[in-house]
Amino acid sequence: AQTVTQSQPEMSVQEAETVTLSCTYDTSESDYYLFWYKQPPSRQMILVIRQEAYKQQNATENRFSVNFQKAAKSFSLKISDSQLGDAAMYFCAYRTYSATSGTYKYIFGTGTRLKVLA
Amino acid sequence: DTAVSQTPKYLVTQMGNDKSIKCEQNLGHDTMYWYKQDSKKFLKIMFSYNNKELIINETVPNRFSPKSPDKAHLNLHINSLELGDSAVYFCASSQDFGGRAFFGQGTRLTVV
């Protein structure tokens, strides 16, 4: 079964500094999607960044970038120039396809709480 | 326009009651989901519907009954509420192409 592991329950970063959140996953599939979602105190789930497994190039969205290592099954999120508004729970997620049901589902890691220090 | 909307945002109710949470998406997606987020923030899938048809039921007690009157709606009805049902429930939708799931704002259910 696919699993997603976030080994850092909590991280802190100084404003304007860079922080990296870790995520590993387990799968036997060759094509899939990986995501980072942000959940601020408002509890809204906000997509931060998305990576397609068949693309070797790491995805980038402004200050957010990933380090996707397919062979190592690692998908870390780097936040550059951290801002106070980046403080939130960050969830790594994997989209898996079920051939028996013919549909997708999203499996989430346990989350990393990011604190941004002024 | 809100892509995925849930109502209500907050729900406080007594043990033993029956309650419903409504969800609507205006994205034209074929697949809708219900996720439960517990007090430790762990997100776990409960149900998945594709074109009004139940596809995934992840060992959820049968007190939970999803209903999909049409492709744009997936409601969650909970019978005989228990204290352990207290959580945040998220509705989501997705399309095969594109990959991402769109989430509603969540419903915080508190059973007292």
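See above for the structure.
Everything numeric in this text was worked out from a predicted model, so none of it was measured.

What about the overall build of chain A?
When helices and strands are counted, chain A shows 0 helices and 12 strands. The order of helices and strands in chain A, counted from the N terminus, is β-β-β-β-β-β-β-β-β-β-β-β. Taking 13 Å as the expected radius of gyration for a compact globule of 118 residues, we find that chain A reaches 14 Å, a close match to that expectation. With respect to the principal axes defined by its C-alpha atoms, chain A has extents near 50 × 30 × 20 Å. The burial tally for chain A puts 48% of its 118 residues in the buried class.

Considerations on the side chain of Ser48 of chain B
With respect to the helices, strands and loops of the structure, Ser48 of chain B is situated in strand E5 (residues 43-50). Each residue touching Ser48 of chain B, except ones within four places of it in the same chain, is listed here: Thr103 and Tyr104 of chain A together with Thr31, Met32, Tyr33, Glu53, Leu54, Ile55 and Ile56 of chain B.

Side note on the layout of surface pockets
Quantified by volume, the largest pocket comes out at close to 230 Å³. Mapped by element, the contributors of at least two residues to the lining of the largest pocket are strand E11 (103-108) of chain A together with E5 of chain B. Here the lining of the largest pocket gets 4 residues from one element, more than from any other, and that element is E11 of chain A. Classifying every residue of the lining of the largest pocket by side-chain character gives 8 nonpolar, 1 polar and 3 charged.

Quick word on unusual backbone geometry
Residues and elements named next belong to chain B. Omega for the bond connecting Thr7 with Pro8 falls within 30 degrees of zero, at -5°, which places this linkage in the cis form. Summarising the element assignment, Pro8 is placed in the loop between strand E1 (4-7) and strand E2 (10-13). One non-glycine residue, Lys41, adopts positive backbone phi at about 75°. With respect to the helices and strands, Lys41 occurs in the loop between strand E4 (31-37) and E5. Given a relative accessible area of 26%, Lys41 falls into the partly exposed group.

Here's the deal with the interface of chain B and chain A
Each partner contributes to the interface: chain B provides 30 residues, whereas chain A provides 21 residues. Here chain B and chain A share an interface that buries about 2,100 Å² over both sides, 52% of which is from carbon and sulfur atoms. Taken as a group, Leu43, Arg100 and Phe103 of chain B account for 23% of the area that chain B buries against chain A, more than any other trio of residues on that side. Remark: the boundary between chain B and chain A carries 1 salt bridge.

Notes on the pattern of salt bridges
Evaluated as defined, the whole model comprises 8 salt bridges over all chains. Between Glu58 of chain B and Lys105 of chain A there is a salt bridge, with its nearest N and O atoms 2.7 Å apart. Here Glu58 of chain B is found in the loop between strand E6 (53-57) and strand E7 (64-67), whereas its partner Lys105 of chain A is found in strand E11 on a different chain. Linking Arg63 of chain B and Asp85 of chain B is a salt bridge whose minimum nitrogen-to-oxygen distance equals 2.8 Å. One end of the pair, Arg63 of chain B, is in the loop between E6 and E7; the other, Asp85 of chain B, is in the loop between strand E8 (75-78) and strand E9 (87-94), and 22 residues separate them in sequence. For Arg63 of chain B, a relative accessible area of 14% corresponds to the buried category. What emerges from the salt-bridge pattern is a single network uniting Arg63, Glu82 and Asp85 of chain B.

Quick word on the pairing of E8 of chain B
Residue and element names in this part refer to chain B. Every second residue of E8 is oriented toward a common face, the buried set being Leu76 and Ile78 and the non-buried set Asn75 and His77. One ladder, built from 3 bridges, connects strand E3 (residues 19-25) with E8; its direction is antiparallel. Paired with Ser20 across the strands is His77, a residue of E8. In the sheet, E7 pairs with E8 via 4 bridges, with the strands oriented antiparallel. Bridged to Lys67 within E8 is Asn75.

What to know about the nonpolar core
Judged by nonpolar contacts, the single largest core of 26 residues is most densely connected at Tyr25, Trp36, Phe75, Leu77, Tyr90 and Leu114 of chain A. Only strand E3 (19-21), strand E5 (33-39), strand E6 (46-52), strand E8 (64-69), strand E9 (74-79), strand E10 (88-98) and strand E12 (112-117) of chain A provide two or more residues apiece to this core. Per-element accounting of this core gives the leading share, 4 residues, to E10 of chain A. Counting residues in each nonpolar core, the second largest holds 20 residues, with Leu11, Phe47, Phe64 and Ile78 of chain B among its members.

The rules behind these values
- Residues numbered from 1 in each chain as written.
- Chains lettered and ligands numbered in written order.
- Predicted model: local features only at pLDDT ≥ 70, side-chain atom pairs only at ≥ 80, totals over all residues.
- Heavy atoms only, no water.
- Helix = DSSP H or I, 4+ residues; strand = E, 2+ residues; numbered from the N terminus.
- Rg over C-alpha atoms; globule rule 2.2 N^0.38 Å.
- Buried < 20%, exposed > 50% of the residue type's maximum accessible area, 1.4 Å probe, protein only.
- Contact = heavy atoms within 4.5 Å.
- 1 Å grid on protein atoms, 1.4 Å probe; cavity = no way out; pocket = protein on both sides within 12 Å on 5 of 7 lines; lining within 4 Å.
- Points joined across faces, edges and corners; volume = space filled by probe spheres on them.
- Nonpolar A, V, L, I, M, F, W, Y, C, P; charged D, E, K, R; others polar.
- Buried area = accessible area lost by both parts, 1.4 Å probe.
- Salt bridge = Lys/Arg side-chain N within 4 Å of Asp/Glu carboxyl O.
- Pairing = 2+ DSSP bridges.
- Core = buried A, V, L, I, M, F, W, Y, C linked by side-chain atoms within 4.5 Å.

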